[in-house]
Each structure stands twice: as C-alpha cells, then as structure tokens.
Amino acid sequence: MAEAHGAADHRRELLACLSGRVVELGAGTGLNFAYYPAAVTEVVAVEPENHLRGRAREAATHSPVPVRVVPGVADAIPLEAGSCDAAVASLVLCSVADQDAALAELFRVLCPNGELRFYEHVEADDRRLASLQRAVDLVWPSVAGGCHTGRDTVAAIRSAGFTVDTCRSFDFRPCALAAPTAPHVLGTARRPPR
Ligand SMILES: C[S@@+](CC[C@H](N)C(=O)[O-])C[C@H]1O[C@@H](n2cnc3c(N)ncnc32)[C@H](O)[C@@H]1O
C-alpha cells in the first residue's frame, strides 16, 4: 500500500544517480532493487532475516543491476573497510538495535567521500506528536520488528562523522495507523575525504 501511495517515488528519488558499488543495509524484500540506476555496478544487500532474504533474492533476479543478497547485521557488515562507493539505509535505522553501531559500520565500509543515502521515518518536530511517539515507542518495537517511531536519525548520522549534504523533511502517512511514523527524511550524507 505504501508503495502505491508514494514510497515507490521516494525510493526512486533516494537512489537517483548512484554509481559504483553500493551496500544496502536491511534490504527486506528488496523493494529498492528495481530503482537502482544502470551506473551501479553491484549492490550488496545485507539482510539478517531468513524469510526476507529469500524474497530479496527473488527480487534480485528482476533487478536492472547485479544484486548480491547476503546475510549479516548492521553492527557487523560483512564487507571490507572502504570497499563501497555508496551506502543505502531505507526504513532500517528505525529498527536496528544500536543505531550508532550501525552508522559506524556504514562509515567504515564507505570509501572516503563515499555517500550515504537515507530514507527514514524520524522524531517529529511537533512537540505533541513527539510525545506521542515516545509513548508509542514503549510498545511499538515489540510488535513492529524493533522499529522505533521517534528516533533523531539525522542527528545520529552527523554524530557518526558524516556530513549531511541534503535532507528533505516531509510527512508521509500511507494509512491512518502510520500517524506516529509520518515524519520522514530523505537525503544524502558523505563520509568526509581523509
Ligand atoms: C521496515 S524493513 C525495511 C526494509 C527495506 N529497507 C525497505 O526499504 O523496504 C526493516 C528492515 O531492517 C532489517 N533489520 C532489522 N534489524 C537489523 C539489523 N540489526 N541489521 C540489519 N538489518 C536489520 C529487517 O530485517 C528489515 O528487513
């Protein structure tokens, strides 16, 4: 439902003009794969969950670029330091147990000047919605695969050492139940050159 209501467009925007070797963290069922541009030479899609990994492997067979789906977790990405031109985090930094560890790993696997593309739902600016998110987050992670509705993900990206180049904030609520996860960001950050 989210795809037809705008998420597909967000994914296209997220991945536009990427090139080279890309690591995608927590690829899920592979919903991003269809939108990788032809200049991407390889996507290494890391997915810890067996069932989702199987579905991602199926999606990879229809991808316009080569996609290798591998097991792994955010705080131990199975790639060499500096081996990727870009990294993609979409709707995953809400769910990882340790956001700082995940971002440190993304930083590690990127080459100097490598780009992090992010598409995440985040903490609300609106005080009332932010306090609703804090209340919801007492139970939401236990029923939604570890997802937290109200993380300040852009601050965490900066704290990890990235320079945020662009960040577009918008509300996206594909259904009424998604109200606590409506505030989204979509942007690019960069691992500084050495
Ligand atoms: C809401 S889904 C998003 C899937 C996909 N990125 C997308 O945009 O559709 C969250 C994903 O994060 C993954 N995930 C959760 N914890 C993770 C971790 N510690 N390391 C890597 N992936 C994780 C889940 O297995 C799931 O695939």
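As shown above, the structure is provided for reference.
Residues numbered from 1 in each chain as written. Predicted model: local features only at pLDDT ≥ 70, side-chain atom pairs only at ≥ 80, totals over all residues. Heavy atoms only, no water.

Comments concerning the site of the ligand
Selection rule: Here, proximity means that at least one heavy atom of the residue falls within 4 Å of the molecule or strand. Two N or O atoms count as a polar contact when they lie within 3.5 Å, although within protein this holds only if one can serve as hydrogen donor and the other as acceptor, and sequence-adjacent residues are included solely when both atoms are side-chain atoms. To be clear on the numbers: accessible area is Shrake-Rupley with a 1.4 Å probe, and residue cover counts the displayed protein chains and nothing else. Three classes are used: nonpolar for Ala, Val, Leu, Ile, Met, Phe, Trp, Tyr, Cys and Pro, charged for Asp, Glu, Lys and Arg, and polar for all others, with Gly counted as polar.
Near the ligand you find 15 residues, and of these R11, G26, E47, A74 and S90 are the closest. Take G26: an N or O atom from its main chain is 2.7 Å from a nitrogen atom of the ligand. S90 is positioned such that a nitrogen or oxygen atom in its side chain is 2.5 Å from an oxygen atom of the ligand. Starting from 590 Å² of accessible surface for the ligand in isolation, the protein chains cover 78%. By residue class, the composition of the shell around the ligand is nine nonpolar, four polar and two charged.

Side note on the sheet that holds strand β4 (residues 84-90)
Note the cut-off: Any two strands between which DSSP finds at least two bridges are classified as paired. For the purposes of this entry, the term helix denotes a DSSP run of H or I that reaches at least four residues, the term strand denotes a run of E that reaches at least two, and both are numbered from the N terminus. In this analysis an axis means a line fitted to C-alpha atoms, helices contributing only their contacting stretch, and an angle means the value between N-to-C directions, from 0 to 180 degrees. In what follows, a contact means two residues having at least one pair of non-hydrogen atoms within 4.5 Å.
As summarised here, the arrangement of the seven strands in space is β3-β2-β1-β4-β5-β7-β6, forming an open sheet in which the pairing is mixed. Each edge of the open sheet carries a strand with a single partner, namely β3 (67-70) and β6 (163-171). Neighbouring strand axes in the sheet, compared pairwise and without regard to direction, differ in orientation by 15 degrees on average. When strand β2 (residues 40-46) meets β3, the two strands line up parallel, connected through four bridges. By the bridge assignment for β3, V44 is matched with R68. Packed on one face of the sheet, helix α1 (residues 3-15) meets β4, β5 (110-121), β6 and β7 (183-190) and runs near 165 degrees to β5.

Structural notes on helix α4 (residues 127-136)
Counted only if it meets this: The rule is simple: take the accessible area with a 1.4 Å probe, protein chains only, and divide by the maximum for that residue type; under 20% is buried, over 50% is exposed, in between is partly exposed. The reported arc concerns the directions from the helix axis to the C-beta atoms and nothing else.
Among all positions in α4, only A130, Q133 and V136 are buried. When α4 is viewed along its axis, its buried side chains cluster within an angular range of 120 degrees and face the same direction. The exposed residues of α4 that point more than 90 degrees off its buried face are R127, R128 and R134. The inward-facing, buried residues of α4 contact α5 (140-143) and β7. Sitting at the amino-terminal end of α4 is D126, which places a side-chain oxygen 3.2 Å from the backbone nitrogen of R128.

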